[in-house]
Amino acid sequence: GVTVSGLFLSLWYKHNMSCMSMKHQQIRMEAFVVEMQDPKNGIKGSEQKLNVTTIPHVIAGKDIISWITNKMKTTAEEAEAFGTMLVAYGYVYPLQNHKKLVMCNDATLYRFQTPYFWPTEKWVAEDSDYGEYSTTGDQGVQHRVRGPKSGFSVQSLHLVMFGLFELAGKERKKPDRVVFDCQERAYWIVNRPPRRTHSALDSGPDRLIDPITENMFYQQAIMRSKVKSSVSLGALVKYITTYKNHDPFLAPCAPSNPWQTDDDSYWTLNMRRVDLPTKMRVERWSFSLFELLSDLRGRDDFKIFLKKEFSGENLAFWEAAEELKWGTASSMSTKAETIFKTFLAPGAPRWINIDGRTMGLTVKGLDHPHRYVLEAAQTHVFLLMKKDTFFRYLKSPVYKDIQKKALNPEPHNFSPAQLEQNAKNRNPGIHPILLWQQEEEEKAKAAAAAAPVDVKAMMNKIDRKK
Amino acid sequence: MSRWRRSVDELAARRRQQAECERAQDALGRVTSCFQQLAASLGSSADGSFLRDELDETRAVAHRICRGLARRLLRLLSDCDSTPSGVEDRRVSERLWVLFLSALENFLSDLHKASDLIGQFPLTQRCDRRSLVNTGCVDGVVGVASRVASVQVPWLTLEEESRPDLTNHMAGLEVMLAEMQLKVPVAFWSVEATQPAWAEAAGDPDDPDDSLERLMEVQLPNRQLAACCCWPA
């Protein structure tokens, strides 16, 4: 029941903001309700017999639904849904089970709500009024109290209680008192504030904010580390200055943007395993170690440099850590063991030189390896490379060599006819399976080349040769 | 006359005025609540010329109370007194001010609602009664009307005020609200309550069997009482 009413209530709150169409719908709805209760052509009502009195004008759900079915010339299901809408919006209210705002296709009893309590755009029910009603509870008419509207302090709600109650209702006849209490209760069930409303004196989404969690949220925000905007903006400016020639939206691609000219030379020239990269690509490697390592062609070049320097273990460790991070869960423990034996164990063949504290933490973590167990060590190694090796690489003959040799393709200048031709002859590209096979071959070669020299096997080989 | 004598007299006068305003505020609360009760029947089967006449009467009474109360409150809050007792007095006056303005706001919104409903259900012709919604109310407003008539306000008999129609009444109230808030700067959030919430509501032993659940009981065939409004889950 709550879900149905919740659905229509949420629709109601959503539509509260629109004006014209809603108002027209309301006017039509009101006319419809007036027709429903027409003494001649409307729904036939009966009396509700209570222990203490008898109240006229009660209608049964099945009668309502059959009347709507006839009137709107529709199916019973549609009529039932429409009827539920009438209840959810508060034009009609149920007498039994008053909290469940649905129209039942049986002998369940309903009554028409008085027009004063009909839904209206202009006078949205105030949460503070609901507070007033719900506090008095079903004592109802006897304890009517008028209160101040929103915008006042919470205390002022209590002000209201000072001498402002009246006993008007007591003068009414008992049946009418019952009816009025029912009407009022039905009105507030339709219009009560949604759950999680913490502040009845705010309006809209503001009242759903819990002040306690909100306070915690702000406290945490204060505790976060901050950077001056001049610093962060400076970093942003530096980034833009560095990369602006490399952005395909801001600068032309060399030789041309394949999306625009349908010529894929750009992609071919920049593939993973080209012998000679393009000048733009090589320039990009100089931006940061991150760029250099992210581009696998650049990483290869870096490895060549490191081999000459005999300091390849840092990069090897970094790559091994990457593999651990991105690899399968089942392979993690074996990988961790290999890495430990190769890089971290005392006397390991490719021992990396990290500080004692990080080493201790990493080794301890390897007892129970997980994906990010090498994060600290990997970061340390990365920083070592960045601060030292990277800059030496940029100044090295290896890099200068590749810079000289790098290709600088001439920009294309296609005529419209040629562009059309290009579009017709689009290259489907290399099949991904072939690419994958190539990659596997390369991996195997690299593994063989990088494997630490097994001294004993070497010795055996030499022995056998003898 | 000595300054001390004068200030004592002033104090006494002010206290009297405050008491007068408090009684008037009380009466205003009753009258506006009655108005709400009556307005709730607009457009329903209990609507009729009698109801609408009563609505007008109630409105007129409220109008006279408002005019007098506004005038007196303005006077009360216009003179400033910085002595310690004066500060306390000021607080009392400010509370009355806040109560009055709140009551005005509530009443104004009820007037708007009533005006809308009267527009929606004009009872100018006999056939118009067919469109009145059968809500189960028959005719219960007689008692309410008598209640309004019994309201006592000190200046009600003294001053003869005009009786504005609904539209002018609403316009007048809006103007009054705006003017009052301009003339006297009272911080609403600084006014404190003097009584715990719902003090009156708690202690009314007259009608013990008047909760809605009890009223809605029916006698089942097997002689058991069952609540009509909540089926057992």
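Residues numbered from 1 in each chain as written. Chains lettered and ligands numbered in written order. Predicted model: local features only at pLDDT ≥ 70, side-chain atom pairs only at ≥ 80, totals over all residues. Heavy atoms only, no water.

Per an unreviewed UniProt entry, chain B goes by the name Regulator of G-protein signaling 9-binding protein-like and belongs to Salarias fasciatus. Among the UniProt annotations of chain B, the heading Sequence similarities (unreviewed entry) holds the following wording: "Belongs to the RGS7BP/RGS9BP family." (UniProt positions renumbered as here; feature names shortened; annotations may be inferred.)

As annotated in an unreviewed UniProt entry, chain A carries the name Regulator of G protein signaling 9a and comes from Salarias fasciatus.

(A) Highlighting the overall build of chain B. Across its full length, chain B carries 7 helices and 2 strands. Ordered by position in the sequence, the α and β elements of chain B form the string α-α-α-α-α-α-α-β-β. Of all 233 residues assigned to chain B, the portion counted as buried reaches 48%. In chain B, the proportion of contacts linking residues at least 24 apart, taken out of those at least 6 apart, comes to 80%. Accessible area for chain B stands at about 11,800 Å²; split by element, carbon and sulfur atoms hold 53% of it. (Helix = DSSP H or I, 4+ residues; strand = E, 2+ residues; numbered from the N terminus. Buried < 20%, exposed > 50% of the residue type's maximum accessible area, 1.4 Å probe, protein only. Contact = heavy atoms within 4.5 Å. Areas by Shrake-Rupley, 256 points an atom, 1.4 Å probe, with all protein chains shown as cover.)

(B) Local environment of the overall build of chain A. Each helix and strand counted, chain A has 22 helices and 6 strands in total. Residues classed as buried in chain A amount to 40% of the 466 residues present. The contacts in chain A between residues at least 6 apart in sequence include a share of 60% that link residues at least 24 apart. Just so you have it, chain A exposes about 27,100 Å², and 59% of that area is on carbon and sulfur atoms.

(C) Region of the structure containing the pairing of strand 2 (residues 54-60) of chain A. Residues and elements named next belong to chain A. In the sheet, strand 1 (residues 46-49) pairs with strand 2 via 3 bridges, with the strands oriented antiparallel. Considered in strand 2, the bridge of Lys 49 is made with Thr 54. In this sheet, strand 4 (residues 109-112) lies alongside strand 2 in antiparallel orientation, the contact comprising 2 bridges. Among the inter-strand pairings, Ile 59 is bridged to a residue of strand 4, identified as Tyr 110. (Pairing = 2+ DSSP bridges.)

(D) Examining the pairing of strand 4 of chain A more closely. Residues and elements named next belong to chain A. Covered by surrounding structure in strand 4 are Leu 109 and Arg 111 together with Tyr 110 and Phe 112, the residues of both alternating faces. Here strand 3 (residues 92-94) pairs with strand 4 via 3 bridges, running antiparallel. Looking at the pairing, Val 92 lines up with Phe 112 of strand 4.

(E) Spatial organisation of the packing of helix 3 (residues 61-72) of chain A against helix 4 (residues 76-89) of chain A. Residue and element names in this part refer to chain A. Direction vectors running N to C along helix 3 and helix 4 enclose 115°, while the axes themselves pass 8 Å from each other. Relative to helix 4, the element helix 3 lies roughly perpendicular. When you trace helix 3 past helix 4, the crossing you get is right-handed. Here Ile 65, Ile 68, Thr 69 and Met 72 of helix 3 lie close against helix 4, whose contacting residues are Ala 76, Ala 79, Glu 80, Phe 82, Gly 83 and Leu 86. (Axes fitted to C-alpha atoms, helices over the stretch in contact; angles between N-to-C directions. Parallel < 35°, antiparallel > 145°, perpendicular 65-115°, else oblique. Left-handed = near helix turned anticlockwise from the far one by under 90°.)

(F) Broad picture of the packing of helix 14 (residues 296-309) of chain A against helix 18 (residues 375-395) of chain A. Residues and elements named next belong to chain A. Direction vectors running N to C along helix 14 and helix 18 enclose 95°, while the axes themselves pass 10 Å from each other. As the angle between them shows, helix 14 and helix 18 are arranged roughly perpendicular. Where helix 14 approaches helix 18, its residues Asp 301, Phe 302, Phe 305, Leu 306 and Glu 309 are matched on the opposing element by Met 385, Thr 389, Phe 390, Arg 392 and Tyr 393. The residue inventory of the contact of helix 14 with helix 18, partitioned by class, reads 6 nonpolar, 1 polar and 3 charged. (Nonpolar A, V, L, I, M, F, W, Y, C, P; charged D, E, K, R; others polar.)

(G) Examining the environment of Ser 415 of chain A more closely. The residue Ser 415 of chain A is located in the loop between helix 19 (397-405) and helix 20 (416-424) in this model. Considering only alpha carbons, one finds Ser 415 of chain A and Thr 261 of chain A, 154 residues apart in sequence, at a separation of 9.9 Å.

(H) Looking closely at the sheet that holds strand 3 of chain A. Residues and elements named next belong to chain A. Pairing is antiparallel across the open sheet formed by 4 strands, whose spatial order is 1-2-4-3. At either margin of the open sheet sits one strand with a lone partner, and together these are strand 1 and strand 3. Adjacent strand axes in the sheet meet at a mean angle of 55° when their direction is disregarded. Its contacts with the sheet put helix 3 on strand 2 and strand 4, and the angle it makes with strand 2 is roughly 50°.

(I) How the structure looks around the nonpolar core. Residue and element names in this part refer to chain B. Ranked by internal contacts, the top residues of the largest apolar core, which has 82 residues, are Trp 97 and Phe 100. Of the residues forming this core, the biggest block, 13 residues, is contributed by helix 3 (residues 84-120). Discounting chain neighbours no more than four positions away, the residues touching Phe 100 are Gln 25, Leu 28, Cys 66, Leu 69, Ala 70, Leu 73, Met 176 and Met 180. (Core = buried A, V, L, I, M, F, W, Y, C linked by side-chain atoms within 4.5 Å.)

(J) Molecular detail of the confidence of the model for chain A. Per-residue confidence for chain A averages 81 on the pLDDT scale, and 79% of its residues sit at or above 70. Taken as a whole, residues 1-20 of chain A scores under 50 in pLDDT and shows 29 contacts with residues more than four places along the chain or in a different chain. (pLDDT = per-residue confidence, 0-100.)

(K) A look at helix 18 of chain A. Residues and elements named next belong to chain A. Between its first and last C-alpha, helix 18 extends 29 Å over 21 residues, near the 30 Å set by a 1.5 Å rise per residue. Along its length, helix 18 reaches its greatest deviation from straightness, about 40°, at Lys 386. Contacts made by the buried residues of helix 18 are with helix 12 (279-285), helix 13 (289-294), helix 14, helix 15 (313-326), helix 17 (356-365) and helix 19. (Expected span 1.5 Å × (residues − 1). Bend = angle between axes of the 7 residues up to and from the residue.)

(L) Here's a closer look at the packing of aromatic side chains. For the structure shown, the criterion picks out 20 aromatic pairs over all chains. Ring centres 5.3 Å apart and planes at 85° place the aromatic pair Phe 302 of chain A and Tyr 393 of chain A in the edge-to-face group. Here Tyr 393 of chain A lies in helix 18 and Phe 302 of chain A lies in helix 14, a separation of 91 residues in the sequence. In this structure, Phe 302 of chain A and Tyr 393 of chain A share a single accessibility class: buried. Arranged with centres 5.3 Å apart and planes meeting at 80°, the rings of Phe 35 of chain B and Phe 107 of chain B form a pair that is edge-to-face. Of the two residues, Phe 35 of chain B sits in helix 1 (residues 3-39) while Phe 107 of chain B sits in helix 3, which places them 72 residues apart along the sequence. Accessibility expressed as a relative area gives 1% for Phe 107 of chain B, which makes it buried. Taken together, Tyr 116, Phe 117, Phe 180, Tyr 187 and Trp 188 of chain A form an aromatic cluster joined through their ring pairs. (Phe/Tyr/Trp six-rings, centres within 6.5 Å; stacked < 30°, edge-to-face > 60°.)

(M) Broad picture of unusual backbone geometry. Residues and elements named next belong to chain A. The omega torsion across Ala 254 and Pro 255 is -5°, close enough to zero to call that bond cis. Relative to the helices and strands, Pro 255 is located in the loop between helix 9 (229-243) and helix 10 (258-261). In the Ramachandran plot, Lys 73 falls in the positive-phi region, its phi being about 55° despite a non-glycine side chain. Of note, Lys 73 is situated in the loop between helix 3 and helix 4. Residues other than glycine seldom take positive phi values, yet Asn 97 does so here, at roughly 50°.

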